[in-house]
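A structural walkthrough
If you want the building blocks of each chain, they are given just below.
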Number of protein chains: 2
Amino acid sequence: MFEQLGLIGCGLMGGSFALALKRAGLVRRVVGYSKSPSTTERARQLGVIDVEAPSALLAVSGADLVLIAVPVAATEATLKAIRHILTPEMLIMDVGSTKAGVVQAAREVLREQVGSFVPAHPIAGLERGGIENADPDLYRDRQVILTPIERTRTHQLQRAHAVWKAIGSHVSEMSPDAHDAAFAAVSHLPHVLAFALMNGILGQAQAAQLLSLGGPGFRDFTRIAASDPKVWRDILLTNRSELLRQAQAFRGALEAFEQAIAAGDGETLEKLIGTASQARAHWRISSGKPHF
Amino acid sequence: MFEQLGLIGCGLMGGSFALALKRAGLVRRVVGYSKSPSTTERARQLGVIDVEAPSALLAVSGADLVLIAVPVAATEATLKAIRHILTPEMLIMDVGSTKAGVVQAAREVLREQVGSFVPAHPIAGLERGGIENADPDLYRDRQVILTPIERTRTHQLQRAHAVWKAIGSHVSEMSPDAHDAAFAAVSHLPHVLAFALMNGILGQAQAAQLLSLGGPGFRDFTRIAASDPKVWRDILLTNRSELLRQAQAFRGALEAFEQAIAAGDGETLEKLIGTASQARAHWRISSGKPHF
């Protein structure tokens, strides 16, 4: 049981965490701060937070649990804004989709306090963000990856495991670098491809007609293209090198298709599709521990 | 009301059409043929067809409605197999995802009978095909595009409109070429991208680990990658030039992302994502007529 959750960033991710903790009876009071005062006010009106804080510092003041739920690139500035008030007893976590940059910022900004910071990435979300969509079930049966470093205190890491578990998530650990490499492949690149497909169509004279013909396949393929521009700008930029490496691997795979299609090589094309199709048909979303 | 549906190809698409017609009381008897006798038998056991035919010719014999529901590249051979028994009264349709090649084959094979052939493309499907997944509701509230040519008989075109409407579809018309150009953009290319993403990951040493980390975004983005290799081989090859043109447009859009990411140009990147995100957030799947 926590006395006070200091929530920095009252959006979908932060709001859902607060609601989940409240419902599970894990927190007595949520003090929230968002860059936009109207968002903070709305979060209180919706009962997601109990008290509006006029600054990140005041949201953290008196907290024993801090969640930083801001676009990834704003993490460093947020840590700087609150570092003076942090105590060794506070558990501090983020929810960013990239981890190497966050961990580096935390080392530099938090210094001897870095042991209380447990970097977290819940594999959950919605293309429609915002406090209005906050949902206490967002993290239920979803994976949460923690990316501790050697200086992370064992006690705080255990508390982080416990709090996510208590709201129904399945928790595992990876190194920050391995995390970023993996999510470049299965999340960041797919987002870029979905964005690029939309833009490729929008650049054509017949765009409106083309879009009107999209069916269920188009709907699901492009769902993630509706994601928030600021959030995804940060994710893509903070995972630049791994993302470009994955884009390279993808280009190679795409070229194999284009060559087989251009050559009218049905045998090769069927094999290429067969490889993808078989793997995808056997794939299941993992709600448990990754298989490694 | 039709006396007999001659169904050639007892898979998901053909089986669902038969079930829908039966439920709507639009057909007295369904005679079905599939290349694999065990599929035909299974279709009868499941009640999708009433009579098993040992050949396409015998499925068509006595039919007043014929549906060709085979992989696109098999359409020509199918038309050749049945042309001697076709009568001007029969309405003949297909369900292929590409239309220019089908129309050309129909002109050449059917000659003076081509007026009874109404090329159709229902925008519906499932990545898991097969007669076991046949569903009388597959076409409900889905678009069906008819691509008549100048020689298509008005009476047969009207009957085609009526039968799809009667099972809940929303019917519109396009030229075969405009159809293929449009679906290269909103269906065929997305399939290629989903296949290529899977193959790009599968080619990496850590493939199993990477795949285990895919979340809801990955699930939806790659759903169509599980599609049938033979069916999609045919679709991609029969729409080769439009598809490669769309792949080119996509590559341009992807390069814009890669350049902004490599340059760390957050402003451009946010704009690129914003364009895609705004368009996708306002997009709705169309169950009615396309907006043109």
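Quick notes on the rules
- By convention here, each chain's residues receive numbers from 1 onward along its written sequence.
- Written order decides the labels, with chains lettered from A and ligands numbered from 1.
- Predicted model: local features are reported for residues with pLDDT of at least 70 only, side-chain atom pairs are reported and counted for 80 or more only, and whole-chain, interface and lining totals are derived from all residues.
- Working from all heavy atoms in the structure, the side-chain values ignore hydrogens and water.
- Overlaid copies result from least-squares superposition on C-alpha atoms, with residues included only where pLDDT is at least 70 in both.
- The contact rule is simple, with two residues in contact once any of their heavy atoms fall within 4.5 Å.
- Numbering goes from the N terminus for both helices and strands, where a helix is a DSSP run of H or I of at least four residues and a strand is a run of E of at least two.
- Simply put, the buried area is the total loss of 1.4 Å probe accessible area from both parts when two parts are fitted together.
- Any carboxyl oxygen of Asp or Glu within 4 Å of a side-chain nitrogen of Lys or Arg constitutes a salt bridge here.
- Nitrogen and oxygen atoms within 3.5 Å of one another constitute a polar contact, given that in protein one can donate a hydrogen and the other can accept it, and given that sequence-neighbouring residues count only through two side-chain atoms.
- To pair, rings of Phe, Tyr and Trp, with the six-membered ring standing in for Trp, must have centres within 6.5 Å; the planes then decide the type, stacked if under 30 degrees apart, edge-to-face if over 60, and tilted in the middle.
- Throughout this description, buried means an accessible area under 20% of the type-specific maximum (1.4 Å probe, protein chains only), exposed means over 50%, and partly exposed covers the range between.
- At least two DSSP bridges between two strands are needed for those strands to be called paired.
- The convention used is that axes are lines fitted to C-alpha atoms, helices contributing only their stretch in contact, and that angles between N-to-C directions extend from 0 to 180 degrees.
- Side-chain atoms within 4.5 Å are what join buried Ala, Val, Leu, Ile, Met, Phe, Trp, Tyr and Cys residues into a set we call a nonpolar core.
- What the arc describes is the spread of directions from the helix axis to the C-beta atoms.
- Boundary definitions for the domains trace back to an automatic or database domain assignment.

The transformation that overlays chain A on chain B combines an axial shift of 0.0 Å with a rotation of 180°, and the residual RMSD is 0.0 Å. The superposition operator between the copies reduces to a two-fold rotation axis. Among all residues of chain A, the minimum C-alpha distance to the rotation axis is found for Phe221 of chain A, at 2.1 Å. Both copies share a contact surface, since 100% of the interface residues of chain A are interface residues in chain B too.

Here we take up unusual backbone geometry. Positive phi, close to 50°, is recorded for Arg111 of chain A, a residue that is not glycine. With respect to the helices and strands, Arg111 of chain A occurs in the loop between helix H5 (100-110) and strand S6 (117-118).

What follows covers the interface of chain A and chain B. The partner chain B presents 87 residues to the 86 residues of chain A that form the contact. Summing the contributions of chain A and of chain B, the shared interface buries around 7900 Å²; its carbon and sulfur component is 70%. Considering only the surface of chain A that becomes buried against chain B, Leu213, Phe221 and Arg280 of chain A emerge as the three largest contributors, covering 9% of it. One can count ten salt bridges joining chain A with chain B. Here Glu270 of chain A and Lys230 of chain B are joined by a salt bridge, their closest N and O atoms 2.8 Å apart. Along the contact surface separating chain A from chain B lie 32 residue pairs in polar contact (both at pLDDT 80 or more). Mapped onto the side of chain A that touches chain B, the elements with two or more residues apiece are strand S8 (143-146), helix H7 (176-202), helix H8 (207-212), helix H9 (216-222), helix H10 (229-238), helix H11 (240-263) and helix H12 (266-282) of chain A.

Right, let's talk about the packing of aromatic side chains for a bit. Residue and element names in this part refer to chain A. Under the counting rule described, the total for this entry stands at nine aromatic pairs over all chains. Centre to centre, the rings of Tyr139 and Trp164 are 5.2 Å apart; their planes meet at 85°, and the pair counts as edge-to-face. In this pair, Tyr139 sits in the loop between strand S7 (120-122) and S8 while Trp164 sits in helix H6 (residues 154-166), placing the two residues 25 residues apart along the sequence. For Tyr139, a relative accessible area of 0% translates into the label buried. Connected via pairs of aromatic rings, a cluster forms that spans Phe17, Tyr139 and Trp164.

Glancing now at the sheet that holds S8 of chain A. All names here are of chain A. Read from one edge to the other, the open sheet built from three strands follows the order S7-S8-S9, with strand pairing classed as mixed. At either end of the open sheet lies a strand with only one pairing partner, and these are S7 and strand S9 (170-173). For this sheet, the mean angle separating the axes of adjacent strands, direction not counted, is 20°. Across three bridges, S7 lies against S8 in antiparallel orientation. Residue pairing in the sheet places Ala120 in a bridge with Leu146 of S8.

What follows is about the nonpolar core. Among the nonpolar cores identified, the biggest contains 108 residues, and Phe250 of chain A together with Phe250 of chain B are the most heavily contacted of them. Ignoring sequence-local partners within four residues, the contact set of Phe250 of chain A consists of Leu189 and Leu193 of chain A together with Leu193, Ala196, Leu197, Phe250 and Leu254 of chain B.

Turning our eyes to something else, we now look at helix H4 (residues 75-82) of chain B. Looking only at H4 of chain B, the buried set comprises Thr75, Thr78, Leu79 and Ile82 of chain B. Viewed along the axis of H4 of chain B, the buried residues span an arc of 100°, placing them on a single side of the element.

Another aspect to go through is the domain arrangement of chain A. Residue and element names in this part refer to chain A. Here the domain parsing of chain A yields domain 1 (2-174) and domain 2 (178-282). Counting residues at the interface gives 14 residues for domain 1, matched by 15 residues for domain 2. Of the roughly 1200 Å² buried between domain 1 and domain 2 on both sides combined, carbon and sulfur atoms contribute 68%. The largest share of the area that domain 1 buries against domain 2 comes from Thr98, Glu127 and Met174, three residues that together contribute 45% of it. Across the contact surface, domain 1 and domain 2 share zero salt bridges. Taken together, the links from domain 1 to domain 2 amount to six residue pairs in polar contact (both at pLDDT 80 or more).

For the rest of this paragraph, the subject is the pattern of salt bridges. Summed over the entire model, instances satisfying the criterion amount to 36 salt bridges over all chains. A salt bridge links Arg251 of chain A to Glu258 of chain B; its shortest N-O distance comes to 2.5 Å. Here Arg251 of chain A, found in helix H11, pairs with Glu258 of chain B, found in helix H11 (residues 240-262), and the two come from separate chains. The buried category is assigned to Arg251 of chain A, whose relative accessible area is 11%. Taking relative accessible area as the criterion, Glu258 of chain B reaches 13% and is therefore assigned buried. Each of Lys230, Arg233 and Asp234 of chain A together with Glu270 of chain B takes part in salt bridges that share partners, so that together they form one network.

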